[in-house]
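Spelled out from the first residue to the last, the chains are:
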Amino acid sequence: MISNKRLVLAHFWLAFAVFGLAILLGEWQMFIRSPLHGWLHNPDLYYRSVTAHGTVMGYVFPTLIAMGFGYAITELSLGQALIGRRWAWAGYVMIIVGSVAAVVPVALGLDSVLYTFYPPMIGNAFYYIGVVLVVLGSWIWVALMGINLQAWKRAHPGVAVPLPMFANVAAAYLWGWTAVGAALELLFQILPVALGFSNTINAGLARVLFSWTLHAIVYFWLMPAYIAFYTIVPRAIGGRLYSDTMARISFALFLVFSMPIGIHHLFADPQVGSGFKFIHSVFTAMVTVPTLLTVFTIGASVEIAARLRGGKGVFGWLKALPWDNPQMLALAFSFVMLGFGGAGGLINMSYQLDSTIHNTQWITGHFHLIFGGAVVIMYFAIAYDLWPHLTGRAMRDLGMIRMQLWLWFVGMIVTTFPWHYVGILGMPRRMAYYDYSAPGTSGEAISVIMSTMGGALLVVSAVLFLVILYRNHSASRVEPAPFTFSRAIHEPSSLPLALNGLGLWVGLMIALTITNYAYPIVQLMGLPDARVPAVFVGAK
Amino acid sequence: MNADRPRLISLRNPWFTASAGALSLLFVFSAWVGFVWLPSAQDDALFKGLLNAICSAAGAPRAWLGEASPPVPPKAPVSSVVLTPGMLEGASAGGSIGRGATLALRCTMCHGARGVSAANTPNLAGQYAPSIYKELRDFQSGARTSAIMVPMLAGLGDQDLRDLSAYYAALPRDSAPEMYPAPDIVATGSPMRNIAPCESCHGAMATKLGAPWLALQPREYLKSQLEAFAGGSRHNDISAQMRNIARNMTPDEINAAASYYTQNR
């Protein structure tokens, strides 16, 4: 039972509203740089749009989802009202204020720096201050998740922490620690220049600090999807979770391996030594362990559901799955996109293979497939599952929901597969227009048009999604059955200390951050001639 | 406190020893491969020996070009000005505009009483101070040549140049008419020929440090400078930025760019 329904709904609705706006920007960008449109005569409009799209989709949207879902998980899994309700609302307000402060100067053309900041480019300080406020607002959530778990543990000594809360707090601590990198970059590198205290910046150090955030943030985006894999889908399709222990180990390993790998984003950066690049490459490869553990565990859980429904044979059980169930559909689509995206990711994380696709459209295709595809489709699934419990109204548009999920899946494949392809052909990213009439690039035109069409499908799907959620608010009232999470085949009665809390895993995360990041950061801080003149952006 | 109470961080906790031990092994192994084994495969003196291998893989800055030959000197003098956002800050922040106005009396016969003239010389009123300062320094150092400007600057010190720049930057710009839409070369450049849009540095869309504001400059001046860059007779652009752009422009594009910025005046 959720007692703070308004809090959770406020987070979800704001998240989906800004998502709806930002996806329009995304499709406009696809269109404007495709052969369907002539060259944009003010390319800055494109960069404003990219900055806004990235800021909203990368910082505001997933953070709000994680927060809203986290508050719901706290109350549903612990069976207690949220501690710190006023603080939660304060965090929410900070995110709104921060988002407005960030997006207004972007719209005015004062901050076309893209959401990854790209120092030595420096824009108007309000953008960075807005992003800092969004992060601070989300840190309130991080603290509340820890406080709520500790309060519950004190009241229930020796009892196993529910899996959803274990995973939720893992996500919170992951975000709390990984956001430190970008916060250090903003506070000590970028803001002093943006506010006029300095006009040079240690761009190499700033990029290393951002890489501290840049990869683990992806796993923070991913966490709600993984929580849904383990704790919602098996229940929704009438099965059991194959292994509670495996789930906990997966989340613990995500916590450990998300952090010490960010330098794989800097393979082409000269200021980081090749030895550290190699170490980060190895640790990135380790992320496959919790990923494959998850694929196996969820695959087994789904098979259990199928066999309970009378499925037979080595593969024949697949037919017995409830394919008309939106959760089943979303899971299957998510896994297909995760599979292709993960395979592409193996190329990005390889020190040598990366050089063939570094800074090409392949990268943009990759993170849209993983995040926009595999993860966001599970955000939809989470909303569909929670909505009746939040509104107290029946979710009857199952046909529309299936259509929406299909459209999102097909749209994302049509958008991102050609996107990857043009990347292999060498098409650079972050450009407002391309010369499709040149012999070397004319072959890319048809692929880019296909991507644009896929993007249009995504817009239709997003509109459908918002309509479904909106219509639910005026559907017939129901008293939904009490919300439950998936039950494991073997429910944990007592757990080893290491799997009933996150202390060990947070400790290892911090230790690996030190081994893998301390030397590059300290070395760059000590380089007297590493500071370069800032390049100020914005129309005069 | 019960001594038998299980502790998380303890060698008797197999979860702790296994996870911390496995991660340590993984780290040691990847560090050995990344810092010792892979560098040793490099056939380069700088990687020979254990310490050299580790230092190079760690990215410790070293004099890589110590044994290489010195840089080839350019055939003609190039600009020695270092452009930074704070290059004009410093000693005489206040009061320099008035002094610059006095010094500017020698400039008025060509550049106009208030920085605007019809003599096909650059209009200086409202020009960015770093852009003026850089050109003056280049005339003094010989990086940019001019039979008129070089003698005019003889005897002027660095502070004089700063004051002149500050004075002209402070003058009001000639009121600009509504600019007509920019031609392609100005708005988009030509990416396949490495021509950046003029606007991305010289105003309207964005400005970059050191790039002058071009609107309402005399057409003849803009055209002759683009042609001088293209032919290489003007070579004070840092890193040959303008030479590389102008060389790839067609005569029609040079005309279109010059006409746009002068608004056909």
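Here the residue numbering is sequential within each chain, running from 1 through the sequence in written order. Working convention: letters from A go to chains and numbers from 1 go to ligands, in the order in which they are written. In keeping with the predicted nature of the model, local features appear solely for residues at pLDDT of at least 70, side-chain atom pairs appear and are counted solely at 80 or more, and the whole-chain, interface and lining totals rest on all residues.

Participant: Provide a residue-level description of the overall build of chain A, including the pertinent values.
Facilitator: The secondary structure listing takes helices from DSSP runs of H or I that are at least 4 residues long and strands from runs of E that are at least 2 residues long, numbered from the N terminus. A tally of regular secondary structure across chain A gives 17 helices and four strands. Taken over the C-alpha trace, chain A has a radius of gyration of 23 Å; the compact-globule value for 540 residues is 24 Å, and the two agree within 12%. Here the C-alpha coordinates of chain A stretch approximately 60 × 50 × 45 Å along the principal axes. Burial is judged by counting other C-beta atoms within 10 Å of a residue's own C-beta: 20 or more means buried, 12 or fewer means exposed, and anything between counts as partly exposed, with every C-beta placed from the backbone. When each of the 540 residues of chain A is scored for burial, the buried share is 54%. Atoms counted for the radius of gyration: C-alpha only. Globule rule: 2.2 Å times residue count to the power 0.38.

Participant: Could you give an account of the overall build of chain B, naming the residues involved and the relevant values?
Facilitator: Along the backbone of chain B there are 12 helices and zero strands. Shown N-terminal to C-terminal, the secondary structure of chain B runs as helices and strands in the order α-α-α-α-α-α-α-α-α-α-α-α. Whereas a compact globule of 265 residues would reach a radius of gyration of roughly 18 Å, chain B reaches 29 Å, over 25% beyond that. For chain B, the spread of C-alpha atoms along the principal axes amounts to about 95 × 55 × 45 Å. Within chain B, the proportion of its 265 residues that are buried is 28%. Residues are treated as contacting if the C-beta atoms built from their backbones sit within 7 Å of each other. Counting contacts in chain B only where the partners sit at least 6 residues apart, residues at least 24 apart contribute 62% of the total.

Participant: So what's going on with the UniProt feature "transmembrane region" (unreviewed entry) in chain B? Which residues, and what values?
Facilitator: UniProt positions are given in the numbering used here, feature names are shortened, and annotations may be inferred rather than shown by experiment. Annotation from UniProt places "transmembrane region" (unreviewed entry) at residues 15–38 of chain B. Taken as a whole, residues 15–38 of chain B contains 100% helix and 0% strand, while its terminal C-alpha atoms sit 33 Å from one another.

Participant: Talk me through the interface of chain A and chain B; I want residue IDs and the actual numbers.
Facilitator: Taken together, the contacts link 36 residues of chain A with 31 residues of chain B. Counting only elements with at least two residues in the side of chain A that touches chain B, the list comes to α10 (274–286) and α17 (503–525) of chain A. When residues of the side of chain A that touches chain B are assigned to their parent elements, the largest contribution, eight residues, is made by α17 of chain A. Each residue is assigned to one of three groups, with Ala, Val, Leu, Ile, Met, Phe, Trp, Tyr, Cys and Pro labelled nonpolar, Asp, Glu, Lys and Arg labelled charged, and all others, Gly among them, labelled polar. Grouping the amino acids of the side of chain A that touches chain B by side-chain chemistry returns 22 nonpolar, 11 polar and three charged.

Participant: Which residues make up the domain arrangement of chain B, and what values do they have?
Facilitator: Bring the parts together and some accessible area is lost; that lost area is often taken as the interface size. We note that the domain assignment places domain 1 (25–58), domain 2 (96–170) and domain 3 (184–262) within chain B. Start and end points for every domain follow an automatic or database-based domain assignment. Placing a centre on the C-alpha atoms of domain 1 of chain B and another on those of domain 3 of chain B gives a separation of 47 Å.

Participant: For the UniProt feature "domain: Cytochrome oxidase subunit I profile" (unreviewed entry) in chain A, give the residues involved together with the corresponding values.
Facilitator: Mapped onto this numbering, the UniProt entry annotates "domain: Cytochrome oxidase subunit I profile" (unreviewed entry) at residues 1–470 of chain A. As annotated, residues 1–470 of chain A comprises 73% helix and 1% strand, and the C-alpha atoms at either end are separated by 22 Å.

Participant: I'd like a description of helix α6 (residues 203–214) of chain A, backed by residues and values.
Facilitator: Residues and elements named next belong to chain A. Here the expected span of a helix is defined as 1.5 Å times the quantity of residues minus one. Across its 12 residues, α6 extends 16 Å between first and last C-alpha, which sits within 8% of the 16 Å expected from 1.5 Å per residue. Along α6, the positions that sit buried rather than exposed are Ala203, Gly204, Leu205, Ala206, Arg207, Val208, Leu209, Phe210, Ser211, Trp212, Thr213 and Leu214. Buried positions along α6 lie against α5 (163–194), β2 (200–201), α7 (216–231), α17 and β3 (532–533).

Participant: With reference to specific residues and values, describe the packing of α5 of chain A against α6 of chain A.
Facilitator: Helix-helix packing is characterised by the crossing angle of the two axes and by the distance between the axes. Residues and elements named next belong to chain A. Following both chains from N to C, one finds α5 and α6 inclined at 155 degrees, their axes separated by 6 Å at the closest point. Between α5 and α6, the crossing angle belongs to the class labelled roughly antiparallel. When you trace α5 past α6, the crossing you get is left-handed. Across the interface between the two elements, Thr178, Ala179, Gly181, Ala182, Leu184, Glu185, Gln189 and Ile190 from α5 touch Leu205, Ala206, Leu209, Phe210, Trp212 and Thr213 from α6. Of the residues that constitute the contact of α5 with α6, the class distribution is nine nonpolar, four polar and one charged. To obtain an axis, a line is fitted to C-alpha atoms, over the contacting stretch when the element is a helix, and the angle between two such axes runs from 0 to 180 degrees between their N-to-C directions. Convention used here: angles under 35 degrees read as roughly parallel, angles over 145 as roughly antiparallel, angles from 65 to 115 as roughly perpendicular, and any remaining angle as oblique. By definition, turning the near helix anticlockwise from the far helix through less than a right angle yields a left-handed crossing, and turning it clockwise yields a right-handed one.

Participant: Go over the packing of α10 of chain A against helix α1 (residues 14–40) of chain B, please, and point to the residues and values.
Facilitator: At a closest axis distance of 8 Å, the pairing of α10 of chain A and α1 of chain B adopts a crossing angle of 145 degrees. When the axes of α10 of chain A and α1 of chain B are compared, the crossing they make is right-handed. Facing Gly275, Phe278, Ile279 and Val282 of chain A of α10 of chain A, the residues of α1 of chain B in contact are Ser30, Ala31, Val33, Gly34, Phe35 and Leu38 of chain B. Classifying every residue of the contact of α10 of chain A with α1 of chain B gives seven nonpolar, three polar and no charged.

Participant: So, unusual backbone geometry: which residues are in play, and what are the values?
Facilitator: Residues and elements named next belong to chain A. Of note, the amide linkage connecting Pro119 to Pro120 takes the cis form, showing an omega dihedral of 10 degrees. Within the element layout of this structure, Pro120 appears in the loop between α3 (85–107) and β1 (121–122). Backbone geometry at Arg430 places phi at a positive 60 degrees, although glycine is not the residue there. Relative to the helices and strands, Arg430 is located in the loop between α15 (398–424) and α16 (445–472).

Participant: Lay out the environment of Pro85 of chain B with the relevant residues and their values.
Facilitator: Tracing the chain through its elements places Pro85 of chain B in the loop between α2 (50–58) and α3 (96–103). Sequence spacing of Pro85 of chain B and Pro130 of chain B is 45 residues, and the spatial spacing of their C-alpha atoms is 8.7 Å.

Participant: Explain the nonpolar core to me, and be specific about the residues and the numbers.
Facilitator: To define a nonpolar core, we join buried Ala, Val, Leu, Ile, Met, Phe, Trp, Tyr and Cys residues through C-beta atoms within 7 Å and take the resulting set. If you look at the biggest cluster of nonpolar residues, it comprises 198 residues, and the most contacted ones within it are Ala170, Leu255, Ile377 and Phe380 of chain A. Other than its neighbours up to four places away in sequence, Phe380 of chain A contacts Ala330, Leu405, Trp408 and Phe465 of chain A.

Participant: Just give me the short version of the environment of Arg33 of chain A, but keep the residues and values in it.
Facilitator: Residue and element names in this part refer to chain A. Within the secondary structure, Arg33 sits in the loop between α1 (5–32) and α2 (43–78). When the 21 C-beta atoms within 10 Å are taken as the criterion, Arg33 is described as buried. Setting aside chain neighbours within four positions, we find Arg33 in contact with Tyr46, Met431, Ala432, Tyr433 and Tyr434.

Participant: Please set out α7 of chain A residue by residue, giving values where relevant.
Facilitator: All names here are of chain A. With 16 residues, α7 should cover 22 Å at 1.5 Å per step; its first-to-last C-alpha distance of 22 Å lies within 8% of that length. Bend angle per residue: angle between axes fitted to the 7 residues ending at that residue and the 7 residues starting there. Where α7 bends most, the angle comes to about 35 degrees, and this point is Leu222, followed within four residues by the proline Pro224. Most of α7 sits inside the fold, with 16 of its 16 residues counted as buried.

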